[in-house]
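# Close look at the chain arrangement
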Amino acid sequence: MILVPLQLGGNAGLIAIAVAILFFFIIIISFIRRYKRCPSDRILVVYGKVGTGNSARCIHGGAAFIWPVIQDYEFLDLTPISIEVNLKNALSKQNIRVNVPSRFTIGVSTEPGIMQNAAERLLGLGQQEIQDLAMEIIFGQLRLVVASMDIEEINNDRDKFLTNISNSVESELKKVGLKLINVNITDIVDESGYIEALGKEAAAHAINAARKSVAEKNRDGSIGEANAVQDERTQVAAANAKAVEGENIAKINVANSDSLRRQREAEAERTAIASEKVQTAKALEESYAAEQLAELARAERVRSSQMADIVVPAEIDKKKVEIDAEADAERTRRIAKGEADAILFKAQAEAQGILEVLTKQAKGLDEIVKAAGNNPKDAVLLLIADKLPELVRTQAEAIKNIKIDKVTVWDSGAKSADGKGSTANFISGMYKSVPPLQEMFNMAGMQLPEYLKGKDLEAEEVKAEVAKNQSKEDNLEG
């Protein structure tokens, strides 16, 4: 489900992702809804595929996950059910028919084994149907209990009757998953009046016993009255004698008590005075100790105050100086770092510019050499030809700006060997003061091409002179 959106594009991929997320959340919500919690007044019964050999799984006060398709669930209500059972014409052990009006309170049991019986036999039944089933069981067991007991036993020993009913009815209710909560027998009557006769007999016995008891009590009362008068006289005389004796003993006790009281008062006063003085001394001691502690506390407070007034400001100033020094140092370091970075950046930029210029010049020279057929000498001639107008212009401007306010030439009219006068020789010499191209090329370590050199007049003259001298020598030898 993740690979499909990756192969799609645009809105289609987003729609596929949204659908996948929606489908994932639907699955999660479905699983959450299948998790069932059991309230305390119910039993959760899970049926379907719950394990080998089990028809259902019962849970009380917990929770369980219900697998879809293979499992399902229902609840059993634990609400108590009150059933009124009016048993009529039930035969007792003496074959006397009796009526036993009663009320039973039952409910679904939460014991593990009995709870399994309830899941197997009561699941799907309504409360009225469960009540009818329980009523049939109670009627049958109640008849059996009445048939196993005598009327006297039923009437006189109600606890035993209720115990027999509870044991018999509860054992049968457990088979269908129910338990007996309470049994209440209101009254028991029979059609023959036997129980009523037993009641009248018991009442008569009770009345006769009461009458006999009254007579005996009256007799005992008369005898007791005479004995009481005799005892009264005897006891009054003895009491008078004891009273006189008691008065005397009381007076003696009063005197002893007064003496003891005065002794104890004196002792108490002495103890009180001594205790008062001790308490006063202790109070003074505690007062002195408290004053000493107060003085120590005051001295500590004064010392703390002086520390706060002197040491703390000094520490604050010291800390401020340290912080300012650190700030100045940091500012200096940052300024130095910024200047160093600027110098480095400028140097790198200048180096980059020089590198670019040299690179471009190298590329240009390489192109010139290639244009000259990869012959460096021809490439130099091309460069010279390109710069020749500038070189000539430079030579011409060498004497262009020479300021000569006044030139005086005495020309005698005589001419030199080459036929030039003095004025012509001056101008020619002045022009020769400008370096010729041949000398400039020689200083650069290069040779001027032949077609730019022109005729060397001095060399021609030297050659002519040498040739003339050679011919003279030849003539002299001849």
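The structure reproduced in this document is the subject of the present report.

Conventions used here
Residues numbered from 1 in each chain as written. Predicted model: local features only at pLDDT ≥ 70, side-chain atom pairs only at ≥ 80, totals over all residues. Heavy atoms only, no water. Helix = DSSP H or I, 4+ residues; strand = E, 2+ residues; numbered from the N terminus. Expected span 1.5 Å × (residues − 1). Contact = heavy atoms within 4.5 Å. Axes fitted to C-alpha atoms, helices over the stretch in contact; angles between N-to-C directions. Parallel < 35°, antiparallel > 145°, perpendicular 65-115°, else oblique. Left-handed = near helix turned anticlockwise from the far one by under 90°. Core = buried A, V, L, I, M, F, W, Y, C linked by side-chain atoms within 4.5 Å. Buried < 20%, exposed > 50% of the residue type's maximum accessible area, 1.4 Å probe, protein only. Pairing = 2+ DSSP bridges. Patch = residues over 30% accessible without salt bridge, like charges linked within 9 Å, V, L, I, M, F, W, Y side chains within 5 Å. Areas by Shrake-Rupley, 256 points an atom, 1.4 Å probe, with all protein chains shown as cover. Salt bridge = Lys/Arg side-chain N within 4 Å of Asp/Glu carboxyl O. Polar contact = N/O pair within 3.5 Å; in protein donor to acceptor, adjacent residues only side chain to side chain. Phe/Tyr/Trp six-rings, centres within 6.5 Å; stacked < 30°, edge-to-face > 60°. Lys NZ or Arg CZ within 6 Å of the ring centre and 35° of its normal.

Quick look at helix α4 (residues 127-147) now. Relative to the 30 Å expected for 21 residues at 1.5 Å per residue, α4 spans 30 Å between its end C-alpha atoms, a close match to the ideal helical length. Taken together, the buried residues of α4 touch β6 (81-91), β7 (97-108), α5 (151-156), α6 (158-173) and β8 (178-185).

Remark: α4 packs on α6, axes separated minimally by 9 Å, with the N-to-C direction vectors making an angle of 140°. Overall, the two elements α4 and α6 adopt an arrangement that is oblique. As α4 runs across α6, the sense of the crossing is right-handed. Counting all contacts with α4, which are made through Ala134, Ile137, Ile138, Gln141, Leu142, Val145 and Val146, the residues of α6 involved are Phe161, Asn164, Ile165, Ser168, Val169, Glu172 and Leu173.

Ranked by size, the top nonpolar core spans 41 residues in total, and within it Ile106, Phe161, Ile165 and Leu178 carry the most contacts. A total of seven residues in this core trace back to one element, the largest contributor, which is α4. Once residues within four sequence positions are removed from consideration, Leu178 is found in contact with Ile106, Gly107, Val108, Ser109, Ile114, Leu122, Ile130, Ala134 and Leu173. Counting residues in hydrophobic clusters, the runner-up holds seven residues, among them Cys38, Leu44, Val46 and Ile66.

What follows deals with the sheet that holds strand β5 (residues 71-77). Reading across the sheet, the three strands line up as β3-β2-β5 and stay open at both edges, with antiparallel pairing between neighbours. Since the sheet does not close on itself, it has two edges, and those belong to β3 (56-59) and β5, each with one partner. Each strand of the sheet is rotated relative to its neighbour by a mean of 25°, with strand direction disregarded. Sheet topology note: the strand β2 (residues 42-48)/β5 ladder contains seven bridges and is antiparallel. Bridge pairing links Ile43 to Leu76 in β5. Running at roughly 125° to β3, helix α3 (residues 112-121) makes contact with β2, β3 and β5 of the sheet.

Let us now look at a nonpolar patch on the surface. A cluster of nonpolar side chains, Leu14, Ile17, Ile21, Phe24, Phe25, Ile28, Ile29 and Ile32, forms an exposed patch at the surface whose accessible area comes to about 780 Å². Secondary-structure assignment places Ile17 in helix α2 (residues 11-33).

Tracing the backbone shows Ser109 in the loop between β7 and α3. Among the residues examined, Ser109 registers a relative accessible area of 0% and is labelled buried. Within the structure, the side chain of Ser109 is placed 3.3 Å from the backbone nitrogen of Glu111, a separation counted as a polar contact. Ser109 has contacts with Ile43, Ile114, Met115, Gly177, Leu178 and Lys179, leaving out every residue within four places of it along the chain.

Turning next to the packing of aromatic side chains. Enumeration according to the criterion identifies three aromatic pairs in this entry. Relative to Phe25, the ring of Phe24 lies with its centre 6.1 Å away and its plane at 75°, an arrangement referred to as edge-to-face. Under the relative-accessibility criterion, Phe24 is labelled partly exposed at 48%. With 4.8 Å between their ring centres and 85° between their planes, Phe65 and Trp67 make a pair best called edge-to-face. Relative accessible area serves as the criterion here: at 21%, Phe65 is assigned to the partly exposed category. Positioned above the aromatic ring of Phe75 is the side chain of Arg42, whose terminal nitrogen or guanidinium carbon lies 5.4 Å from the ring centre.

Its place among the elements puts Ser168 in helix α6. Ignoring any residue separated from it by four or fewer positions in sequence, one finds Ser168 in contact with Gln141 and Val145.

We now examine unusual backbone geometry. With a phi close to 70°, Val69 is a non-glycine residue in the positive phi region. Within the fold, Val69 resides in the loop between β4 (63-65) and β5. Unusually for a residue other than glycine, Asn89 sits at a positive phi of about 55°. Secondary-structure assignment places Asn89 in strand β6. Relative accessible area serves as the criterion here: at 32%, Asn89 is assigned to the partly exposed category.

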